[in-house]
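# A look at the structure
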Amino acid sequence: MFRRVGLAGTLGGGAAGLIGGLIYGFAAGSPPGGGGISVLLVLVAITALVGLLGGAGVAFGIAAADFAPSRAWHWSMLGGAAGGMVIGAIVKLLGIDAFSLLLGRAPDGITGAAEGAILGGAIGLGAWLANRWELRRSMAAAGLAGAAAGAIVPMLGGRLMGGSLATLVAQFPGSRLRLDPVSALMGESAFGPRTLVVTGALEGLLFGACLVGAMVVARRGGLRPLE
């Protein structure tokens with residue numbers, strides 16, 4: 001059960017990343033000089049990979065809470081936070097090393113351990129609540145928990161995927177990725193506070209709903225409601 005639930009959550013996280021990449025790709029539109037399809041594919045690949053990795057950390061952390069002395073809410077929350085923190089730290093370290101190796105300069109301000117811990121902890125709480133409800137309410141609860149955490153992260157100075165991409169674009173002016181259309185939807189000329197909060201909430205919503213939804217289905221052996 002532990003492995004099945006963890007793998008399901010991993011796939012759910014990957015699905016959330018895939019959907020998020022499509023949203024960002026289509027919202028950003030075609031960059032100057034064309035190449036919109038290639039930019040879309042790269043964005044989808046990156047966000048799906050990050051979603052899979054993040055999903056693995058958070059899902060297996062939450063699933064590990066089943067081995068705790070009790071089914072209290074804080075074990076699920078701690079498991080999700082620990083898994084998110086570890087994966088966030090690893091992804092940030094690998095990302096910085098990759099940029100340093102390939103470009104000779106590492107970016108500042110990309111998502112990492114703190115953001116992973118906050119988001120993972122909130123989704124862990126949502127997963128604990130999900131044990132008491134049917135699938136749609138479970139996904140809604142986890143999605144709302146993830147959205148709240150995703151909105152709080154930028155308020156505390158952190159970055160999720162959208163904010164990290166905006167930071168990379170700002171620090172590497174030669175990038176062909178343009179996120180101005182996304183911020184324009186929020187009434188800002190660049191990725192400002194409002195855009196960071198809204199995109200963070202959207203990412204948290206998708207990640208929490210997809211991850212916990214997949215875990216619920218795996219726990220219950222299908223799409224049947226919990227009896």
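Further up the page is the structure itself.
To start, this report covers the structure provided alongside it. These numbers come from a predicted model, not from an experiment.

The rules behind these values
Residues numbered from 1 in each chain as written. Predicted model: local features only at pLDDT ≥ 70, side-chain atom pairs only at ≥ 80, totals over all residues. Heavy atoms only, no water. Helix = DSSP H or I, 4+ residues; strand = E, 2+ residues; numbered from the N terminus. Rg over C-alpha atoms; globule rule 2.2 N^0.38 Å. Buried < 20%, exposed > 50% of the residue type's maximum accessible area, 1.4 Å probe, protein only. Axes fitted to C-alpha atoms, helices over the stretch in contact; angles between N-to-C directions. Left-handed = near helix turned anticlockwise from the far one by under 90°. Nonpolar A, V, L, I, M, F, W, Y, C, P; charged D, E, K, R; others polar. Phe/Tyr/Trp six-rings, centres within 6.5 Å; stacked < 30°, edge-to-face > 60°. Salt bridge = Lys/Arg side-chain N within 4 Å of Asp/Glu carboxyl O. Contact = heavy atoms within 4.5 Å. Polar contact = N/O pair within 3.5 Å; in protein donor to acceptor, adjacent residues only side chain to side chain. Patch = residues over 30% accessible without salt bridge, like charges linked within 9 Å, V, L, I, M, F, W, Y side chains within 5 Å. Areas by Shrake-Rupley, 256 points an atom, 1.4 Å probe, with all protein chains shown as cover.

### Quick notes on the overall build of the chain
In terms of regular secondary structure, the chain is built from eight helices and zero strands. When the elements of the chain are put in sequence order from the N terminus, they spell out α-α-α-α-α-α-α-α. Its C-alpha radius of gyration of 17 Å places the chain within 12% of the 17 Å reference for a compact globule of 227 residues. A principal-axis box enclosing the C-alpha atoms of the chain has dimensions of 55 × 30 × 30 Å.

### Some points on the environment of Ile152
If you trace the backbone, Ile152 turns up in helix α5 (residues 135-155). Judged by relative accessible area, Ile152 falls into the partly exposed class, the value being 40%.

### Digging into the packing of α5 against helix α8 (residues 193-220)
Two elements in contact, α5 and α8, have axes separated by 6 Å at closest approach and are oriented at 145°. Considering how the two elements wind past one another, α5 and α8 form a crossing that is right-handed. Residue classes in the contact of α5 with α8 are distributed as 16 nonpolar, eight polar and one charged.

### Thoughts on the packing of aromatic side chains
This structure, assessed with the given rule, holds two aromatic pairs. Relative to Phe60, the ring of Phe2 lies with its centre 5.4 Å away and its plane at 65°, an arrangement referred to as edge-to-face. You can see Phe2 sitting in helix α1 (residues 2-28) and its partner Phe60 sitting in helix α2 (residues 36-64), a full 58 residues away along the chain. Through a chain of ring-to-ring contacts, the aromatic side chains of Phe2, Phe60 and Phe67 assemble into a single cluster.

### A few points about the pattern of salt bridges
Counted under the stated rule, the structure contains one salt bridge. Residues Arg219 and Asp66 are paired through a salt bridge, measuring 2.9 Å at the closest nitrogen-oxygen approach. Taken together, the residues span a long stretch of sequence, with Arg219 in helix α8 and Asp66 in the loop between α2 and α3 (73-103) at a distance of 153 residues. Residue classification places Arg219 among the partly exposed positions, given a relative accessible area of 26%.

### Regarding the side chain of Ser183
Following the sequence through the fold, Ser183 ends up in helix α7 (residues 180-185). Ser183 sits in the buried class, given a relative accessible area of 0%. If we ignore the near neighbours within four places in the chain, the residues touching Ser183 are Glu188, Ser189, Ala190, Phe191 and Thr195.

### Details of the side chain of Thr47
Within the secondary structure layout, Thr47 lies in helix α2. In this structure the side chain of Thr47 is engaged in a polar contact, spanning 2.9 Å, whose partner is the backbone oxygen of Leu43. Apart from the residues lying within four places of it in its own chain, the contact partners of Thr47 are Gly17, Gly21 and Met161.

### Here we look at helix α6 (residues 161-171)
Counting buried residues in α6 gives nine out of 11 residues, a clear majority hidden from the surface. Looking only at α6, the buried set comprises Met161, Gly162, Gly163, Ser164, Leu165, Ala166, Thr167, Leu168 and Val169.

### Points about a nonpolar patch on the surface
A contiguous nonpolar surface patch, about 280 Å² in accessible area, is contributed by Ile19, Ile23, Leu202 and Leu205. Of all elements in the fold, only α1 and α8 reach the threshold of two or more residues within the nonpolar patch. Mapped onto the elements, Leu202 comes out in helix α8.

Purely spatial values, then, with no claim about function.
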